[in-house]
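Per-entry structural report
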Amino acid sequence: TGSQSLDKFWKLHGGQHLRYSSKLDKHRRHITEEKLQKYRLCASVRNPYTRAYSLWNMDRIKNLKRHNIRLTNFTHYMEDVLNLCTKYPSSDELAIYRYYSCSQYLLPFAIADNNIIRMEHMKQDLQNMGFASNKIVITNKGNYKKTWEDIKHVDTIALINIWAGDDFKKYGYKESTPSLG
């Protein structure tokens, strides 16, 4: 998540954003273990609620119909995503692992906690990593008519809490309590 924003950041600072993963797809380049020793391995994460909502919107806009994930409404979508991630907890297939929570996706990688960039705190987290700069960090945001705050519902809160359970504590996000009142 946030790779386009980080690409812009690294380019502004004379660096390069290399995507390293054992999960090779068209968006990644392979980096040898020898070369990897010369790089700082970091990852970006995002608030689980807004990330899930963004995934749904992206799939709806692109009309991505994978693994029988229903796009009809956000609750059905999250039910299906949760079922898919439970059924395939460790997959190298992009059409599956793109739906993993951030902590589930990053599980195979040894990334130090201080090398995690929270997209909502990108500038501060990058400064904490030693990338002090006066240059503005540019973030991409979808142009959705509604936000997570507009559409959140007790059912989707509960589903996302299960789907991204470890993300809240691990990355410092506030977990909402599903309630009707």
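First, a word on what this report is: a plain description of the structure on this page. Sequence order sets the numbering: in each chain, residues are counted from 1 along the sequence as written. Local features in this predicted model are restricted to residues whose pLDDT is 70 or higher, and side-chain atom pairs enter the listing and the counts only when it is 80 or higher, whereas totals over whole chains, interfaces and linings include all residues. The basis for the side-chain values is all heavy atoms of the structure; hydrogens and waters are excluded.

**What about the overall build of the protein chain?**
Strands are runs of DSSP state E lasting at least two residues, helices are runs of H or I lasting at least four, and both sets are numbered from the N terminus onward. Per the secondary structure count, the protein chain includes 10 helices and two strands. Each helix and strand of the protein chain, ordered N terminal to C terminal, gives the series α-α-β-α-α-α-α-β-α-α-α-α. Three exposure classes are used, based on accessible area relative to the maximum for each residue type with a 1.4 Å probe and protein chains only: buried under 20%, partly exposed in between, and exposed over 50%. Burial analysis of the protein chain (181 residues in total) assigns 41% to the buried set. In this analysis, two residues are considered to be in contact whenever any of their non-hydrogen atoms come within 4.5 Å of each other. A fraction of 63% describes how many contacts in the protein chain between residues 6 or more apart in sequence connect residues 24 or more apart. About 11,100 Å² of surface is accessible on the protein chain, with carbon and sulfur atoms providing 49% of the total. Note that accessible areas follow from Shrake-Rupley with a 1.4 Å probe, and for residues the cover is restricted to the protein chains shown.

**A look at the side chain of Asn-161**
Within the element layout of this structure, Asn-161 appears in helix α9 (residues 154–163). Asn-161 gets classed as buried once you look at its relative accessible area, which sits at 10%. If we skip the residues at most four places from it in the chain, Asn-161 touches Tyr-49, Phe-168, Glu-175, Ser-176 and Pro-178.

**Observations regarding the nonpolar core**
Formed by 35 residues in total, the largest nonpolar core has its most connected members in Phe-74, Tyr-77, Met-78, Val-81, Leu-106, Ile-160 and Trp-163. If you tally residues by element for this core, the top one is helix α4 (residues 74–87), at seven residues. Those residues in contact with Phe-74, other than ones at most four positions away along the chain, are Ala-52, Tyr-53, Trp-56, Trp-148, Ile-151, Thr-156 and Ile-160. In these notes, a set of buried Ala, Val, Leu, Ile, Met, Phe, Trp, Tyr and Cys residues joined through side-chain atoms within 4.5 Å is what counts as a nonpolar core. Judged by nonpolar contacts, the second largest core, of eight residues, contains Leu-6, Trp-10, Ile-117 and Met-129.

**What to know about unusual backbone geometry**
The backbone of Asn-63 shows a phi angle near 55°, a positive value even though the residue is not glycine. With respect to the helices and strands, Asn-63 occurs in the loop between α3 (48–62) and α4. A positive phi is found at His-67, a non-glycine position, where the angle reads about 50°. Looking at the element boundaries, His-67 is found in the loop between α3 and α4. Look at His-67 and you get partly exposed, because its relative accessible area is 36%.

**A look at the packing of aromatic side chains**
The aromatic pairing rule takes the rings of Phe, Tyr and Trp, using the six-membered ring of Trp, and pairs them if the centres are within 6.5 Å, calling planes under 30 degrees apart stacked, those over 60 edge-to-face and the rest tilted. This structure, assessed with the given rule, holds eight aromatic pairs. Ring centres 5.1 Å apart and planes at 15° place the aromatic pair Tyr-49 and Trp-148 in the stacked group. Of this pair, Tyr-49 sits in helix α3 while Trp-148 sits in helix α8 (residues 148–151), placing them 99 residues apart in sequence. Exposure class is identical for Tyr-49 and Trp-148. Each is buried. Members of the aromatic cluster, each reached through a chain of ring pairs, are Tyr-49, Tyr-53, Trp-56, Phe-74, Trp-148 and Phe-168. Here, a charge over a ring means that NZ of Lys or CZ of Arg falls within 6 Å of the ring centre while also lying within 35 degrees of the ring normal. Sitting above the plane of the Trp-56 ring, Arg-60 keeps its charged end 4.0 Å from the centroid.

**Structural notes on the side chain of Asp-125**
With respect to the helices, strands and loops of the structure, Asp-125 is situated in helix α7 (residues 122–128). With relative accessibility at 6%, the residue Asp-125 sits in the buried group. Not counting chain neighbours up to four residues away, the residues in contact with Asp-125 comprise Ile-116, Ile-117 and Arg-118.

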